[in-house]
Amino acid sequence: MVRQGEEPGDLVVVVRAAPATVAETVEDMVTAAEFSAEAYVVVRHAGTRELLYGISVYARRSDATSDVLRRFTTSPCYLEVAAGLLTATGFPVLPTGSDPDHYDVQLVPGHLEPDPADRALVVEAASRHVARTGDLLPNPFYAGGSEHSLEASR
C-alpha cells in the first residue's frame, strides 16, 4: 500500500536493519526485494502495474536514532542514508504501509507485470544501494551482541 502525498523530504534519513557483513546485507536485500516483487505492485498513471522490488526502511525524523534502532533487536548492524541521496541515485523512496515512518526503497524501478527483473539485476542494484549508503553501523540495541553506546557506534 503506497500512501499518497507522503514522499519523504530529501534530508529525511532512512534506516535499514542489516546483518553483520556487506555480503549478507546485499543477499538480505535481494531476498526482500524479490519477495516484495512477488507480492506487491505500484499502480502508476494509466493503470500500469510496476513490480515493487522494495526494501523496508524507517525514517529517522530527528537525532532520535535510538527510536528507530529499538525496532531492530535481531539485527547486529544498520545502514542509514538521506532519502534525497537515494532518489538522486535512481532509487525511489515510496511511502508504504500504515506506519508514517515506513518507506520502501525501490531497488529496480520500471519493471512492469509480467516482466520481472532477473536476479543479477537485483543483486547489482542491492550492491549499488549498499555502496551508496556507506559503512554498516553497529546496532547498539542488538540483543545478541555486546552493549555499545550510540556514540561509540558511529
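1. Looking at the side chain of Thr25
Turning to step 1, where the next piece is worked out: As for its placement among the helices and strands, Thr25 is situated in helix 1 (residues 22-39).
Turning to step 2, where the next piece is worked out: Each residue touching Thr25, except ones within four places of it in the same chain, is listed here: Ala18, Pro19, Leu79, Val130 and Leu136.

2. Observations regarding the pattern of salt bridges
Turning to step 1, where the next piece is worked out: The tally for this structure, following the rule as stated, stands at 7 salt bridges.
Turning to step 2, where the next piece is worked out: Arg119 is the salt-bridge partner of Glu27, the closest N and O atoms lying 2.7 Å from each other. Placement of Glu27 in helix 1 and of Arg119 in helix 4 (residues 119-133) is noted, with a sequence separation of 92 residues between them.
Turning to step 3, where the next piece is worked out: On the accessibility criterion, Arg119 (37% relative accessible area) is partly exposed.
Turning to step 4, where the next piece is worked out: Between Glu124 and Arg128 there is a salt bridge; the shortest N-O distance is 2.8 Å.

3. Some points on empty space enclosed by the protein
Turning to step 1, where the next piece is worked out: Per the counting criterion, the structure on display carries 1 cavity of 30 Å³ or more.
Turning to step 2, where the next piece is worked out: Estimates place the volume of the largest cavity at around 40 Å³.
Turning to step 3, where the next piece is worked out: Lining the largest cavity, in full, are Val14, Val15, Arg16, Val57, Leu79, Glu80, Val81, Leu86, His129 and Thr133.
Turning to step 4, where the next piece is worked out: Counting only elements with at least two residues in the lining of the largest cavity, the list comes to strand 1 (13-18), strand 5 (77-82) and helix 4.

4. Considerations on the layout of surface pockets
Turning to step 1, where the next piece is worked out: Counted as a void, the largest pocket has a volume near 190 Å³.
Turning to step 2, where the next piece is worked out: Forming the boundary of the largest pocket are 13 residues, of which Ser36, Tyr40, Ser56, His102 and Asp104 lie nearest the centre.
Turning to step 3, where the next piece is worked out: Mapped by element, the contributors of at least two residues to the lining of the largest pocket are helix 1, strand 4 (54-60) and strand 7 (102-106).
Turning to step 4, where the next piece is worked out: Counted by class, the lining of the largest pocket contains 6 nonpolar, 6 polar and 1 charged residues.

5. Points about the environment of Ala23
Turning to step 1, where the next piece is worked out: Within the fold, Ala23 resides in helix 1.
Turning to step 2, where the next piece is worked out: Each C-alpha atom, one on Ala23 and one on Ser127, is 8.6 Å from the other, the two residues being 104 residues apart in sequence.

6. What about the environment of Pro100?
Turning to step 1, where the next piece is worked out: Mapped onto the elements, Pro100 comes out in the loop between strand 6 (93-95) and strand 7.
Turning to step 2, where the next piece is worked out: Residue classification places Pro100 among the partly exposed residues on the basis of a relative accessible area of 47%.
Turning to step 3, where the next piece is worked out: Considering only alpha carbons, one finds Pro100 and Tyr58, 42 residues apart in sequence, at a separation of 8.9 Å.
Turning to step 4, where the next piece is worked out: Look past the residues within four positions of Pro100 in its chain and what remains in contact with it is Arg3, Glu6 and Arg61.

7. Examining the packing of helix 1 against helix 4
Axes are the key here: two packed helices are described by the angle between their axes and the distance separating the axes.
Turning to step 1, where the next piece is worked out: Here helix 1 crosses helix 4 at 130°, and the two axes come no closer than 9 Å. For the element pair helix 1 / helix 4, the angle class is oblique. As for the relative orientation of helix 1 and helix 4, their crossing is right-handed in sense. In this structure, helix 1 contributes Val22, Thr25, Val26, Glu27, Met29, Val30, Ala33 and Glu34 to the contact, and helix 4 contributes Arg119, Val122, Val123, Ala126, Ser127, His129 and Val130.
Turning to step 2, where the next piece is worked out: Tallied by class, the residues present in the contact of helix 1 with helix 4 amount to 9 nonpolar, 3 polar and 3 charged.

Definitions and limits used
Residues numbered from 1 in each chain as written. Predicted model: local features only at pLDDT ≥ 70, side-chain atom pairs only at ≥ 80, totals over all residues. Heavy atoms only, no water. Helix = DSSP H or I, 4+ residues; strand = E, 2+ residues; numbered from the N terminus. Contact = heavy atoms within 4.5 Å. Salt bridge = Lys/Arg side-chain N within 4 Å of Asp/Glu carboxyl O. Buried < 20%, exposed > 50% of the residue type's maximum accessible area, 1.4 Å probe, protein only. 1 Å grid on protein atoms, 1.4 Å probe; cavity = no way out; pocket = protein on both sides within 12 Å on 5 of 7 lines; lining within 4 Å. Points joined across faces, edges and corners; volume = space filled by probe spheres on them. Nonpolar A, V, L, I, M, F, W, Y, C, P; charged D, E, K, R; others polar. Axes fitted to C-alpha atoms, helices over the stretch in contact; angles between N-to-C directions. Parallel < 35°, antiparallel > 145°, perpendicular 65-115°, else oblique. Left-handed = near helix turned anticlockwise from the far one by under 90°.

Any functional reading would require information that these geometric values do not contain.
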